[in-house]
Amino acid sequence: QKEVEQNSGPLSVPEGAIASLNCTYSDRGSQSFFWYRQYSGKSPELIMSIYSNGDKEDGRFTAQLNKASQYVSLLIRDSQPSDSATYLCYGGTSYGKLTFGQGTILTVHP
Amino acid sequence: DVKVTQSSRYLVKRTGEKVFLECVQDMDHENMFWYRQDPGLGLRLIYFSYDVKMKEKGDIPEGYSVSREKKERFSLILESASTNQTSMYLCASSAGTLGNTIYFGEGSWLTVV
């Protein structure tokens with residue numbers, strides 16, 4: 001079993017819709033979670049980090065963490081074509097496990 | 001802003017050559033990483049380092065070695081390049097304890113012919 005798994009893609013949503021990206025993790029020692037966005041041919045860039053249970057909002061992005069159920073999600077409201085990218089979930093621990101999910105390709109179509 | 005610089009963006013090397021990929025970060029970060037990324041396989045950790053002269057194997061260390069003689073510099077070495085090492089290589093760094101935010105360089109595209 002992979003340590004971090006992302007919901008299978010690719011995901012396609014219409015412009016203006018909510019895009020929901022999900023990630024489950026197996027290591028209960030994971031303490032910090034990050035969502036990265038990667039455009040084709042570019043390196044990943046950080047969108048959001050979340051450390052505590054609950055929701056964290058930043059503009060159109062909301063990260064949700066549920067440690068009991070071991071999942072973390074990213075919601076993108078009012079999706080725009082510029083949001084089309086691969087989204088990577090990352091779970092980190094303090095003892096060296098550093099695992100990225102395989103990525104979900106999101107396409108926002110006009 | 002954190003700056004992670006990979007000096008070689010695009011390289012073409014021949015099978016059997018020794019290849020050096022250099023990475024420098026300017027934020028005094030303790031941790032540095034080398035990943036490779038291939039279509040459909042996501043980001044895979046090759047090696048990481050949490051201190052000068054310290055290194056730990058990641059998920060796919062075979063065929064690679066690393067060097068960290070100075071805190072700001074982390075080098076990836078392909079001792080004898082093979083065609084299956086054609087990939088994009090990403091260097092990254094993070095501060096403090098492992099598990100903190102990782103910052104990536106722009107990537108190095110290596111083609112082995």
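Please read all numbers here as calculations on a predicted model, not as lab measurements.

What counts, and at which threshold
Residues numbered from 1 in each chain as written. Chains lettered and ligands numbered in written order. Predicted model: local features only at pLDDT ≥ 70, side-chain atom pairs only at ≥ 80, totals over all residues. Heavy atoms only, no water. Helix = DSSP H or I, 4+ residues; strand = E, 2+ residues; numbered from the N terminus. Rg over C-alpha atoms; globule rule 2.2 N^0.38 Å. Buried < 20%, exposed > 50% of the residue type's maximum accessible area, 1.4 Å probe, protein only. Contact = heavy atoms within 4.5 Å. Areas by Shrake-Rupley, 256 points an atom, 1.4 Å probe, with all protein chains shown as cover. Lys, Arg positive; Asp, Glu negative; His and termini not counted. Charge placed at Lys NZ, Arg CZ, Asp CG, Glu CD. Core = buried A, V, L, I, M, F, W, Y, C linked by side-chain atoms within 4.5 Å. Polar contact = N/O pair within 3.5 Å; in protein donor to acceptor, adjacent residues only side chain to side chain. Disulfide = S-S within 2.5 Å. Phe/Tyr/Trp six-rings, centres within 6.5 Å; stacked < 30°, edge-to-face > 60°. pLDDT = per-residue confidence, 0-100.

Caption draft 1: Region of the structure containing the overall build of chain B. Secondary structure summary: chain B contains zero helices and eleven strands in total. The C-alpha atoms of chain B give a radius of gyration of 13 Å, which matches the 13 Å a tight globule of 113 residues would have. Its C-alpha atoms give chain B principal-axis dimensions of about 40 × 25 × 25 Å. Here chain B, with 113 residues, has 48% of them falling under the buried criterion. Pairs at least 24 apart in sequence give 56% of the contacts found in chain B among residues at least 6 apart. A total accessible area of about 5,500 Å² is found for chain B, and carbon and sulfur atoms account for 50% of it. Side chains of chain B give 14 positive and 15 negative charges; the mean places of these two sets differ by 5 Å.

Caption draft 2: How the structure looks around the nonpolar core. The biggest cluster of nonpolar side chains holds 22 residues, and the ones touching the most others in it are A:W35, A:V72, A:L74, A:I76, A:Y87 and A:L106. Residue assignment for this core shows that the elements contributing at least two residues are β3 (19–25), β4 (32–38), β5 (45–50), β7 (61–66), β8 (71–76), β9 (85–92) and β11 (104–109) of chain A. Here this core takes four residues from β3(A), the largest share from any one element. Residues within four places of A:L106 in sequence aside, it is in contact with A:L11, A:V13, A:A19, A:I76, A:D83, A:S84, A:A85 and A:Y87. The next biggest cluster of nonpolar side chains, apart from the first, holds 20 residues, and it includes B:L21, B:Y64, B:F74 and B:L110.

Caption draft 3: Spotlight on the side chain of A:Q6. Residues and elements named next belong to chain A. Among the structural elements, Q6 can be located in strand β1 (residues 4–6). Accessibility expressed as a relative area gives 5% for Q6, which makes it buried. Engagement of the side chain of Q6 in a polar contact is seen with the backbone nitrogen of G103, the distance being 3.0 Å. A polar contact is formed between the side chain of Q6 and the side chain of T104, at a distance of 3.4 Å. Not counting residues within four places of it along the chain, the set of residues in contact with Q6 comprises N22, C23, W35, Y87, L88, C89, G101, Q102, G103 and T104.

Caption draft 4: Geometry of the state of the cysteines. For the structure shown, the criterion picks out two disulfides over all chains. Here A:C23 connects covalently by a disulfide to A:C89, the sulfurs 2.2 Å from one another. Between A:C23 and A:C89, the S-S torsion sits near -80°, and that sign places the bridge as left-handed. With A:C23 in strand β3 and A:C89 in strand β9, the pair connects residues that are 66 residues apart, well separated along the chain. In terms of burial, A:C23 and A:C89 fall into one category: buried. Here B:C23 is linked by a disulfide to B:C91, with a sulfur-sulfur distance of 1.8 Å. The disulfide joining B:C23 to B:C91 has a torsion of about -80° about its S-S bond and is therefore left-handed. Of this pair, B:C23 sits in strand β3 (residues 19–25) while B:C91 sits in strand β9 (residues 87–94), and the two are 68 residues apart along the sequence.

Caption draft 5: Layout of the packing of aromatic side chains. Scanning the entire structure with this criterion turns up twelve aromatic pairs over all chains. Seen from their ring centres, A:Y25 and A:F33 are 4.5 Å apart, and the 45° between their planes marks the pair as tilted. The pair formed by A:Y25 and A:F33 is uniform in burial state, with each residue classed as buried. Between A:F100 and B:Y35 the ring centres are 5.5 Å apart and the planes differ by 90°, which places this aromatic pair in the edge-to-face class. With A:F100 in strand β10 (residues 98–100) and B:Y35 in strand β4 (residues 31–38), this residue pair bridges two chains.

Caption draft 6: Main features of the confidence of the model for chain A. Of the residues in chain A, 93% reach a pLDDT of 70 or more, and the chain-wide mean stands at 89. Ranking the elements of chain A by mean pLDDT puts β10(A) last with 77 and strand β2 (residues 11–14) of chain A first with 96.

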